[in-house]
Structures are given as structure tokens and as C-alpha cells.
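Next come the chains, spelled out residue by residue.
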Amino acid sequence: MKQCIAHVAIVVRDYDEAIDFYVNKLHFELLDDTYQPEQDKRWVVVAPQGGSGTTILLARASKEEQEPFIGNQTGGRVFLFLNTDDFWRDYNDYKANGIEFVREPKTADYGIVAVFKDLYGNQWDLLQFNEDHPMMKRIK
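The rules behind each value
- Residues numbered from 1 in each chain as written.
- Predicted model: local features only at pLDDT ≥ 70, side-chain atom pairs only at ≥ 80, totals over all residues.
- Heavy atoms only, no water.
- Phe/Tyr/Trp six-rings, centres within 6.5 Å; stacked < 30°, edge-to-face > 60°.
- Buried < 20%, exposed > 50% of the residue type's maximum accessible area, 1.4 Å probe, protein only.
- Helix = DSSP H or I, 4+ residues; strand = E, 2+ residues; numbered from the N terminus.
- Pairing = 2+ DSSP bridges.
- Axes fitted to C-alpha atoms, helices over the stretch in contact; angles between N-to-C directions.
- Contact = heavy atoms within 4.5 Å.
- Lys, Arg positive; Asp, Glu negative; His and termini not counted.
- Salt bridge = Lys/Arg side-chain N within 4 Å of Asp/Glu carboxyl O.
- Polar contact = N/O pair within 3.5 Å; in protein donor to acceptor, adjacent residues only side chain to side chain.
- Arc of directions from axis to C-beta.

Draft legend 1. How the structure looks around the packing of aromatic side chains. Considering all chains together, one arrives at twelve aromatic pairs under this definition. Geometrically, the ring pair formed by phenylalanine 21 and tyrosine 22 is edge-to-face, given 5.1 Å between the ring centres and 85° between the ring planes. For the pair phenylalanine 21 and tyrosine 22, one class covers both residues: buried. Between tyrosine 110 and phenylalanine 129 the ring centres are 6.5 Å apart and the planes differ by 65°, which places this aromatic pair in the edge-to-face class. Taken as a pair, tyrosine 110 in the loop between strand E6 (101-108) and strand E7 (111-117) and phenylalanine 129 in strand E8 (residues 123-129) lie far apart in primary sequence, 19 residues in all. Exposure remark for tyrosine 110: the relative accessible area of 29% places this residue in the partly exposed category. Residue classification places phenylalanine 129 among the buried residues on the basis of a relative accessible area of 15%. Members of the aromatic cluster, joined through ring pairs, are Phe21, Tyr22, Phe28, Phe87, Trp88, Tyr91, Tyr94, Phe101, Phe116 and Trp124.

Given below as C-alpha cells:
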């Protein structure tokens, strides 16, 4: 059996501001932006450059009950984990682009990590696994 998680949805307030953040600040690729007239929604998918794993579906809140979850999808816990091949390159680039880090870089048994917020406040780990970490087998 071979399975994978294709997309993870992030509830956003506005498609265009979310695209701007992910593409211009985090340097993700815009993979799809298709209008779906039957639902009056857009199918917007972004992904880290050079990645081959899970992509992110930017899903605009379409109901009033979804709006409180914009920026708080996991109750304030780190939500997504962005692994990089060069932590300091990306950390410095994100800082220069105005990305807010809520936990500064630290070295751990598994590698180096810092926590940042996306444009709505969802928390992300920016991390670089050590070469001998078990996740590296899955990434390569």
C-alpha cells in the first residue's frame, strides 16, 4: 500500500492576501488558483519550492462559524512544520521579509528550530533536521 497526505487546508480570510504572503514572503510556489463557480470558491494550492510532499490548500472561510478559526486552527499550538535544507538562509530571509518569530532559534537533539507566525497567527516550526534524523529518509 502506498498513501500520502495530498493537501492540508488552512482557513484564510482572503485568497489574494494569503497568496501574497505565501508566495512573496515565504517564497512558496502557487500551484493552482482555479475558480469554482458552482461553489463561488477558489481552489488555491501552494507548496514550498523544491518540495515534493504535502501541499497547502488556502481555503477561504465561507461560513460565519469558520471565521473564528482563522489563525487559530490548532488552539495556539504549532500547526505546521516546514523543514529546510538551510535553516539560517531561510530564517534570515523570513526575518528580512517581516515574518514574526515567537521563539528564537534553538538547537535540539533532532536539529535546529524556531517558531514563526503566518499572516493570520498560525504557528509554524521552521526546522532543519540533522542528517541522521529518521525523517531525513522520508524527505530524500
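Right, picking up where we left off after that structure.
Draft legend 2. Region of the structure containing the pairing of strand E4 (residues 55-60). Pairing analysis gives six bridges linking strand E1 (residues 7-12) to E4, with the strands arranged parallel. Bridge pairing in E4 links histidine 7 to threonine 55. Two elements, strand E3 (residues 41-47) and E4, share three bridges in a ladder whose sense is antiparallel. Looking at the pairing, valine 45 lines up with leucine 57 of E4.

Draft legend 3. The sheet that holds strand E5 (residues 78-83), seen in detail. Taken in spatial order, the four strands of this open sheet run E5-E8-E7-E6, and their pairing is mixed. Each edge of the sheet is formed by a strand with only one pairing partner; in this case those strands are E5 and E6. Taken over all neighbouring pairs, the strand axes of this sheet differ in orientation by 20° on average, direction set aside. Taken together, the five bridges between E6 and E7 define a ladder with antiparallel strand orientation. Bridge pairing in E7 links alanine 108 to glycine 111. Lying over the sheet, helix H2 (residues 87-96) contacts E5, E6, E7 and E8, oriented at roughly 170° with respect to E6.

Draft legend 4. Geometry of the side chain of aspartate 118. Turning to its location among the elements, aspartate 118 is positioned in the loop between E7 and E8. Arginine 13 provides the closest opposite charge to the buried, unpaired aspartate 118, separated from it by 8.7 Å. Looking at aspartate 118, its side chain comes within polar contact range of the main-chain nitrogen of tyrosine 120, at 2.9 Å. Ignoring any residue separated from it by four or fewer positions in sequence, one finds aspartate 118 in contact with Phe21, Tyr22 and Trp124.

Draft legend 5. Fine view of H2. If you check which residues of H2 are buried, you get Phe87, Asp90, Tyr91 and Tyr94. Summarising the axial view, the buried residues of H2 lie within an arc of 100°, below the 170-degree limit, and thus occupy one face. Downstream of H2 by a residue or two, glycine 98 has a phi angle that is positive, lying close to 85°.

Draft legend 6. Broad picture of the pattern of salt bridges. Per the stated rule, a full pass over the model turns up six salt bridges. With a shortest N-O distance of 3.4 Å, glutamate 17 and arginine 13 are connected by a salt bridge. Judged by relative accessible area, which is 31%, glutamate 17 ranks as partly exposed. Exposure remark for arginine 13: the relative accessible area of 52% places this residue in the exposed category. Across the pair arginine 89 and aspartate 85 runs a salt bridge whose closest N-O atoms are separated by 2.7 Å. With relative accessibility at 41%, the residue arginine 89 sits in the partly exposed group. Looking at aspartate 85, the relative accessible area reads 60%, which means it is exposed.

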